[in-house]
Amino acid sequence: MMQGKNVLVIDNQEVGRSSVVAAGIINPITGKKFVKSWKFDELQSVFVPFYRQVAQFLGENHFFEKTIYRTINDTAQLNEWNNRLGMEGYRGFMEAVKPDLPLFKTNGWIGQINNGYQLMIPKLLDDVRSLLKSRNSILEEKFDYEKFDATSITYKNIQAERIIFCEGFRGSQNPYFKNLDWIGTKGEVLLFEMNNFPRNTLFKSKMFATPFGQKNQIWFGANYENDYANVLPTPKRKEELQHLVEETFTGALKPVAHLAAIRPTNKDRRPYIGSHPNYKNVHILNGLGAKGSSLAPFLVLKLYAHIFENGAIENEFNVQRCTKLR
Ligand SMILES: Cc1cc2nc3c(=O)[nH]c(=O)nc-3n(C[C@H](O)[C@H](O)[C@H](O)COP(=O)(O)OP(=O)(O)OC[C@H]3O[C@@H](n4cnc5c(N)ncnc54)[C@H](O)[C@@H]3O)c2cc1C
């Protein structure tokens, strides 16, 4: 749409879809060893201008810079942190450790990470949906694969030049792409209300805590689970998260909501973009895993260049790396 293309979106807001539960956190330094997130510098050079352009296009900003505070648990981690501080590629991303922050229970040290971001995904999607509706560019129904012809790109009575499947974890039910190496990783989240959480920060201990949605709402999560019975929130995980909330915050907090969704993950933990080997106008953009906010702009532009400018797609993202597709 931003490039003046005619689009029709078909989406029925499937239960368990990932984007509406995601906090949209982009964290440049991750894990116990404080390593730069995969391709972070390259992705950042794309997602910052991309989300600024989206804000201009929609007339509302959903993308914010955030300072990330994280716990440092013991002296081994403290040494690791101090080693990283001066390393090439890490300068400016990490600050010297600080003493405690009053809202949180910690072991005494807090690391500050710069160049963190948050994309308010649910609000962004609501605004895009409203725009699509105002342009008669959305069909709010379940896509029926039986009514689709992949050679002529005809769906019911609609004729298109091409189709891009972006179905999140439900991509595993798409007859054209069901043989990819799907996993699907469930995550559960608690929301609660808190007035004094600094809005321009994120906090990371065992879980992330961050402002989300309405003015005083805080998002707390999320776990990772590959073996689950369904897409719904479970009492067991709620109890675990509530316990972690108590371990994290100095004050008492009661959840106001409990959510669950499935991340679109796969075996090699790399995205899927590109064209179906047997149907050149059937495309996919999926496999965003736990990092949709930082990956999506880079992948969208790559897929666009592939489709409209004959651009190459590197093997590590290309859906055709999966030989089971043929
Ligand atoms: C608990 C949790 C926390 C997360 N936190 C973060 C985070 O902090 N930062 C981050 O970057 N990422 C995070 N993620 C990951 C992020 O949500 C995903 O990477 C990203 O949102 C995936 O987007 P998607 O569009 O591929 O899939 P989805 O968001 O699942 O969207 C798929 C869409 O396809 C539609 N659809 C599917 N099949 C059909 C059909 N047959 N007919 C019609 N419509 C259909 C669905 O309705 C849905 O709207 C988190 C995920 C979870 C679960």
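Residues numbered from 1 in each chain as written. Predicted model: local features only at pLDDT ≥ 70, side-chain atom pairs only at ≥ 80, totals over all residues.

*Asks:* I tried to follow the sheet that holds strand E11 (residues 163–165) on my own but got confused; where do I start?
*Replies:* To summarise the sheet geometry, strands pair through backbone hydrogen bonds and adopt either a parallel or an antiparallel arrangement. With mixed pairing, 3 strands are arranged side by side in an open sheet as E11-E18-E17. Bordering the open sheet on either side are E11 and strand E17 (272–275), each of which pairs with just one other strand. Going across the sheet, the axis of each strand differs from the next one's by a mean of 20°, ignoring polarity. Sheet topology note: the E17/strand E18 (residues 282–286) ladder contains 4 bridges and is antiparallel. Counterpart to Tyr272 in the pairing with E18 is Asn286. Each of E17 and E18 touches helix H5 (residues 292–309); the most contacted strand, E18, lies at about 165° to it. (Pairing = 2+ DSSP bridges. Helix = DSSP H or I, 4+ residues; strand = E, 2+ residues; numbered from the N terminus. Axes fitted to C-alpha atoms, helices over the stretch in contact; angles between N-to-C directions. Contact = placed C-beta atoms within 7 Å.)

*Asks:* For this particular structure, what's the right way to read the site of the ligand?
*Replies:* In the vicinity of the ligand lie 35 residues, with Ser19, Ala22, Gly168, Gly187 and Gly292 positioned nearest. Where the shell around the ligand is concerned, the elements lending two or more residues are strand E12 (185–193), strand E16 (255–263) and H5. When residues in the shell around the ligand are grouped by element, the largest group, 3 residues, is from H5. When the residues that make up the shell around the ligand are grouped by side-chain class, the tally is 14 nonpolar, 13 polar and 8 charged. Two domains each donate at least three residues to the shell around the ligand, and these are domain 1 (9–16 + 123–182 + 267–309) and domain 3 (185–263). (Near = placed C-beta within 6 Å. Nonpolar A, V, L, I, M, F, W, Y, C, P; charged D, E, K, R; others polar. Domains from an automatic or database assignment.)

*Asks:* How do you make sense of the environment of Val300 when you look at a structure like this?
*Replies:* Here Val300 lies in helix H5. Note: C-alpha distance between Val300 and Ile273 (27 residues apart in sequence) is 8.6 Å.

*Asks:* Is there a simple way to explain the domain arrangement of the chain in this structure?
*Replies:* It is common to give the size of an interface as the accessible area lost on bringing the parts into contact. Domain annotation for the chain reports domain 1 (9–16 + 123–182 + 267–309), domain 2 (28–118) and domain 3 (185–263). For domain 1 versus domain 3, the separation of C-alpha centres amounts to 29 Å. Across the contact, 5 residues belong to domain 1 and 4 residues belong to domain 3.

*Asks:* I would appreciate a short explanation of the nonpolar core in the present structure.
*Replies:* A general tendency of soluble globular proteins is for nonpolar side chains to be buried together. In terms of nonpolar packing, the biggest core is built from 58 residues, with Leu119, Phe220, Ile273 and Leu299 touching the most fellow members. With 5 residues, the top contributor of residues to this core is H5. Sequence-distant contacts of Phe220, that is, excluding residues within four places in its chain, are made with Val189, Leu190, Phe192, Met207, Ala209, Leu241 and Val245. (Core = buried A, V, L, I, M, F, W, Y, C linked by C-beta atoms within 7 Å. Buried ≥ 20, exposed ≤ 12 C-beta atoms within 10 Å, placed from the backbone.)

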